[in-house]
Amino acid sequence: DFATDDKEHKRATRAMVKMVMAINNQYLGSWQDESHQEDSKKSGVNCFTCHRGQPKPPAKITSILGATVMTDGTEAAMARYNELKEEYYGAGLYDFREGVFGELAQDAVEAGKVDTANEILRAALDLYPESADLHAFLGMGLIQAGDTTGAAGAFDKALQLDPDNANARRGKTMLDRMQQ
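Summarised in this report is the structure supplied together with it. (Residues numbered from 1 in each chain as written. Predicted model: local features only at pLDDT ≥ 70, side-chain atom pairs only at ≥ 80, totals over all residues. Heavy atoms only, no water.)

## Considering the overall build of the protein
Check the secondary structure of the protein and you find ten helices and zero strands. When the helices and strands of the protein are listed from N to C terminus, the series reads α-α-α-α-α-α-α-α-α-α. Among the 180 residues that make up the protein, the fraction classed as buried is 31%. In the protein, 45% of the contacts between residues at least 6 apart in sequence involve partners at least 24 apart. (Helix = DSSP H or I, 4+ residues; strand = E, 2+ residues; numbered from the N terminus. Buried < 20%, exposed > 50% of the residue type's maximum accessible area, 1.4 Å probe, protein only. Contact = heavy atoms within 4.5 Å.)

## Here we look at the packing of aromatic side chains
Tallied over the entire structure, the rule returns six aromatic pairs. Taken together, a centroid distance of 6.1 Å and an interplanar angle of 45° make the contact between Tyr89 and Phe96 tilted. You can call Phe96 buried: its relative accessible area is 8%. Following the ring pairs from residue to residue traces out a cluster consisting of Tyr81, Tyr88, Tyr89, Tyr94, Phe96, Phe101 and Tyr128. (Phe/Tyr/Trp six-rings, centres within 6.5 Å; stacked < 30°, edge-to-face > 60°.)

## Quick word on helix α9 (residues 148–161)
Look at α9: 20 Å from first C-alpha to last across 14 residues, which is about the 20 Å you get at 1.5 Å a residue. If you follow the buried residues of α9, they end up packed against α8 (132–144) and α10 (166–178). (Expected span 1.5 Å × (residues − 1).)

## Concerning the packing of helix α5 (residues 74–88) against helix α7 (residues 114–127)
Where α5 contacts α7, the axes come no closer than 10 Å and their chain directions differ by 40°. Viewed along their axes, α5 and α7 adopt a mutual orientation that is oblique. The crossing of α5 and α7 is right-handed. Mapping the contact onto sequence places Thr74, Met78, Tyr81 and Asn82 in α5 and Thr116, Glu119, Ile120, Ala123, Ala124 and Leu127 in α7. For the contact of α5 with α7, the class distribution of residues is six nonpolar, three polar and one charged. (Axes fitted to C-alpha atoms, helices over the stretch in contact; angles between N-to-C directions. Parallel < 35°, antiparallel > 145°, perpendicular 65-115°, else oblique. Left-handed = near helix turned anticlockwise from the far one by under 90°. Nonpolar A, V, L, I, M, F, W, Y, C, P; charged D, E, K, R; others polar.)

## Structural notes on the side chain of Thr68
As for its position among the elements, Thr68 is in helix α4 (residues 61–72). Apart from residues lying up to four places away in sequence, Thr68 is in contact with Gly73, Ala76, Ala77 and Arg80.

## Quick word on the side chain of Ser131
In this fold, Ser131 is placed in the loop between α7 and α8. In terms of polar contacts, Ser131 uses its side chain to reach the side chain of Glu98, at 3.4 Å. Polar contacts involving the side chain of Ser131 include one to the main-chain amide nitrogen of Leu134, which spans 3.1 Å. (Polar contact = N/O pair within 3.5 Å; in protein donor to acceptor, adjacent residues only side chain to side chain.)

## Considering the nonpolar core
Counting 35 residues, the largest nonpolar core has Ile61, Leu65, Tyr81, Tyr94, Phe101 and Leu134 as its most contacted members. Mapped by element, the contributors of at least two residues to this core are α4, α5, α6 (99–110), α7, α8, α9 and α10. Setting aside its immediate chain neighbours within four residues, Tyr81 contacts Ile61, Leu65, Phe96, Phe101, Leu127 and Tyr128. (Core = buried A, V, L, I, M, F, W, Y, C linked by side-chain atoms within 4.5 Å.)

## Quick word on the environment of Tyr81
Tracing the chain through its elements places Tyr81 in helix α5. In this structure Tyr81 comes out as buried when scored by relative accessible area, which is 1%. Distance in space between the C-alpha atoms of Tyr81 and Tyr94 is 10.0 Å, their sequence separation being 13 residues. A polar contact is formed between the side chain of Tyr81 and the side chain of Tyr128, at a distance of 2.6 Å.

## Considering α8
For α8, built from 13 residues, the straight-helix expectation of 18 Å at 1.5 Å per residue is met to within 8% by its first-to-last C-alpha distance of 19 Å. All buried positions along α8 are accounted for by Ala132, Leu134, His135, Ala136, Leu138, Gly139, Gly141, Leu142 and Ile143. Buried residues along α8 sit in contact with α6, α7, α9 and α10. Phi for Gly146, located one or two positions after α8, is positive at around 90°.

## Some points on the pattern of salt bridges
For the structure on display, the rule yields six salt bridges. Among the ionic pairs, Arg97 bridges to Asp95, the shortest N-O distance being 2.9 Å. Of the residues examined, Arg97 reaches a relative accessible area of 59% and is grouped as exposed. Overall, Asp95 belongs to the partly exposed group, its relative accessible area being 31%. We note a salt bridge from Asp164 to Arg169, for which the minimum N-O separation is 3.6 Å. (Salt bridge = Lys/Arg side-chain N within 4 Å of Asp/Glu carboxyl O.)

Right under this line is the structure:
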């Protein structure tokens, strides 16, 4: 019976369709003026926005990798990253840019695991050796670990790759103040 909502999946689907319509019509639509109404229809949300072709919206890659780091270690998390990237790269399901590792390392720092954060960043630099941001993040982590020599090297590498890198500049300034 099409009209009944006896099945949980059907109730969930109806609720999600109402949510999508509300986002597109009430929220996105209310922010657009008359001249941009057509643009908001093109850029609104749809089922794919969250589900990415999956029955349930996938977990963020940082959640998957973070759980793997905590249970099985950094090496296992990097192997999991590579597996996911091989299987899903280009599908829009996960974010495979290097910034993921900065977020993952930040989560480790917030959990009081600075050494784990630095392991994550070093492993990420094996994949993205030309990332000024990862070098700068590693420098910050090394400062927290008390390795000012290593931090200086990481900041120097970051600035060599990107002379305008704000995090590396900030880190170098912090090191200079510490050494005075």
